[in-house]
Every structure is written in C-alpha cells, then in structure tokens.
Amino acid sequence: MSKKSGYLQRTLEFHKNYKSKIAPIFRSYEAFRKKELAKFWFMIISGILMLCSFPLMLLLSDSILSDIVCDYFVAYLILMMIFMTLGISLLFNAHKKNKNFAMKIKSDCLSKLLKVFGDIQWQNGKNIINDWDLNRSALFSNFNTRYTDDEFSGSFNGVPFKICETNLLQISGSGKSRTYIPVFKGVVIQFKSNKIIRNRTMIATKGDFTAKIAFVVLGLICWGGSKISYKDEEKLDEVKLEDPEFCKKFNAYSSDQVEARYLLTTAFIERFQNLNTAFGAKKAKCSFYGDKIMFAISTNKNLFEVGSLFKSLEKPGAVNQFYNELASIYSMIDYFKLDEKVGL
C-alpha cells in the first residue's frame, strides 16, 4: 500500500469511526455542555462584579469611617475581604470548570478516536520525554520548571515515538525579585532514527536559535555551563539547501555536510513544513543526534483538544484539528520508518 493510499484509508476510517462512535457521545453531552457554559459565565460575571466592588468599597470606607464605631468598621473590612476572596475563587473555579469539561470529553472519547492510529496511548502530565533527553537535543536553553499536559506514546511502522505537550520555564529569585523566563511552549516529538546519526544536524526557524544551539554552532556543546561528552568541541557549519523558500525561513547547521544532505531531503522538508501548518506554529526546531530525532514546535494554542465548553460538540471542527495534528506527526514518523534502513 502506498503512503498516499495509507493516509487516505486512515483518514476515511477516522471519520467513519467519529460518525459511528464519537458523534453520538458528543450529542449526548451537548445539553450538559450548555448547562456548564451557563454556569461558567455566571461564575465569571459574578467574580468580576465582586472584584470590581472591592475598590468601590475601599472608597466608601473613607467617607463612612468617622460615622461608624470600631466594631462595625472591622466587620466592614471583613466583608470587603470576603467579597474579594469570593471573586477570585469564582474566577479560578470557572477556569477549572472549562478544563475539567475538556478532560471529561477526552477521557470518554479519546481512546475511541485513537483506534485508527494503531499502537498509541494517551496520558497526562507524566513527562514521558525526560529532561535529560530535552537537554541532550540542544533545542532548549536552560530551564528548571516544567509543566506537561497531553502526552502520547506508541509505535508506528516499527518506529517507537513520544509526543509531549509541554511548557518550559527558567525561574529564579524569590518574592518581588522572582523572575519567570519562558523557554518553550508547544509540542515536543521524539522518535528513533532508522540509523545511528554519528554527527549532529539541527534546523530552526530564523531567529529561534537558543543559547545551547548557539554554543554548539560556536563549537562547544554545553549544558548549563558544563561540557558534556556528546562530541566535545563539535563545530557545526551552515548547510546550504536547494529549497529557496525553506532557506528564507529556516537555518540549518551540521558537523557533517554529507550526512546533513542525506537527512534534510526534499521529502523531509515538506513534512517538516506540514508539521508547522498543522499546529499553526510560527517557530519550529529539529535536532538529529545519536539514535534520536527530536522536533520542538512552538505554539500558544491548546493542543490535542477534542471538545470545548465554548463550541458546539455537534460540529467536528475540534476533532478534525486533533486528527490533523496527529496525522502530520505520523507522516513525519513514516518518513523515518525503521524497516527502511539506509546506510551512508
């Protein structure tokens, strides 16, 4: 079966599965969604009104301070604090209600949607791509805090893969001097190569080279200021590719020009750009190292959602987007399938 016909068959099966098994579940949840949405907006509006009343009560307190006895004034202050606390609590719980609804839809439907993708499992917040692998890829500058959402792992055409929606931060200081530096937010994809990559090749959107990539390009692989033995003093030279449109947007570097051209083929570049399109990303990076390939697709979108409190579940827009996100990853994995080992 050709890759094109395989993709078409999977797409048809996915939509058939959606219509027969998922759409009825979604329809049964639509009335519940509308009730939860009404509660959400009630909590949002009530929370905002309570928080807005707090400064008004502060202004009024100056004018009535001289007219009330101390006991009443203390009660007035307590009432003000109650209003503020309730306002904050309502806004927080409204956000939580939206997140809980999306999680409930996933728990009930995701396993059925994933059946057409074969060997794949969904989990949440387990960091299945560990920090060591993230650092070894050299795609990210230093981080010490990590938040992980949806994760998938499995195997496709003999290629084990891991997909992780994650947010990386570098947090330093404390109190008022505490700083939060965003390092990365989006999806990280890792899978095995069909051959051992003896050198390092990297590509990234122009202007998106991290500190670690810069260290590599300068000739030294460095994690947090200390040298690590991947290939000490490995100098990466710029790779000139034949695709002018790709070169306008991306930079490519490698310590071996021959191996880089073997890796960065026209077919690879096409799939790499399809990843960007599927995830609506403006920035993307990739690193070939050892027996691994890692992609980092930067996006602020909430990924891998199959249902939302704010959109009718009878419209398949979110499900179609979910399919496009996973299908673009599978297309890339298919390019590196292990049953087609090619040596240099």
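Model, not experiment: these values are computed from the prediction.

J.: Where do I start with unusual backbone geometry in this structure?
T.: Negative phi values dominate among residues other than glycine, just as trans dominates among peptide bonds. At Asn 157, a position not held by glycine, the phi torsion is positive, near 55°. Its location among the elements puts Asn 157 in the loop between strand 2 (145-156) and strand 3 (159-172). One non-glycine residue, Phe 304, lies in the positive phi region at around 55°. On the secondary structure map, Phe 304 appears in the loop between strand 9 (283-298) and helix 8 (317-335).

J.: Is there a simple way to explain the packing of aromatic side chains in this structure?
T.: Two aromatic rings, taken as a pair, are described by how far apart their centres are and by the angle between their planes. This model, assessed by the stated rule, comprises 24 aromatic pairs. Ring centres 6.3 Å apart and planes at 55° place the aromatic pair Tyr 29 and Phe 32 in the tilted group. In this pair, Tyr 29 and Phe 32 both sit in helix 1 (residues 3-64), three residues apart, roughly one turn of the helix. Judged by relative accessible area, which is 33%, Phe 32 ranks as partly exposed.

J.: I tried to follow the pairing of strand 3 on my own but got confused; where do I start?
T.: Where strand 2 meets strand 3, ten bridges bridge the pair, whose relative direction is antiparallel. Looking at the pairing, Tyr 147 lines up with Asn 167 of strand 3. A loop of two residues connects strand 2 with strand 3, the two strands running antiparallel in sequence, and Asn 157 in this loop sits at a positive phi of about 55°. The antiparallel pairing of strand 3 with strand 4 (residues 179-205) creates a hairpin that spans six residues between the two strands, and Gly 173 there sits at a positive phi of about 75°.

J.: How should I be thinking about the side chain of Glu 325 in this particular structure?
T.: With respect to the secondary-structure elements, Glu 325 resides in helix 8. With no salt bridge to any partner, buried Glu 325 finds its closest opposite charge in Lys 301, at an N-O distance of 4.4 Å. Within polar-contact distance, the side chain of Glu 325 engages the backbone nitrogen of Phe 304 at 3.0 Å.

J.: Can you walk me through the side chain of Asp 150 in this structure?
T.: Take Asp 150: it is sitting in strand 2. Here Lys 106 takes part through its side chain, which lies 2.3 Å from a polar atom of the side chain of Asp 150. Separated by 3.4 Å, the side chains of Asp 150 and Asn 124 make a polar contact. When sequence neighbours within four positions are dropped, the list of residues in contact with Asp 150 reads Lys 106, Trp 122, Gln 123, Asn 124, Ile 163, Cys 164, Glu 165, Leu 303, Phe 304 and Glu 305.

Conventions we followed
Throughout, a residue's number is its position along its own chain's written sequence, starting from 1. For a predicted model such as this one, the threshold for reporting local features is a pLDDT of at least 70, and the threshold for listing and counting side-chain atom pairs is 80 or more; totals across whole chains, interfaces and linings nevertheless cover every residue. To get the side-chain values, all heavy atoms of the structure are used, and hydrogens and water are removed first. Put simply, DSSP H or I for four residues or longer makes a helix, DSSP E for two residues or longer makes a strand, and each gets a number counted from the N terminus. The rule is short: rings of Phe, Tyr and Trp, with Trp giving its six-membered ring, pair when the centres are within 6.5 Å, and they are stacked under 30 degrees, edge-to-face over 60, tilted in between. Three exposure classes are used, based on accessible area relative to the maximum for each residue type with a 1.4 Å probe and protein chains only: buried under 20%, partly exposed in between, and exposed over 50%. DSSP bridges decide pairing: two strands pair if at least two such bridges lie between them. Only four residue types enter the charge count: Lys and Arg as positive, Asp and Glu as negative, with His and the chain ends excluded. By convention in these notes, a salt bridge is any Lys or Arg side-chain nitrogen within 4 Å of a carboxyl oxygen on Asp or Glu. In protein, a polar contact requires one atom able to donate a hydrogen and another able to accept it; more generally it is a pair of N or O atoms within 3.5 Å, and residues adjacent in sequence count only if both atoms are side-chain atoms. In this description, contact between two residues means that some pair of their heavy atoms is separated by no more than 4.5 Å.

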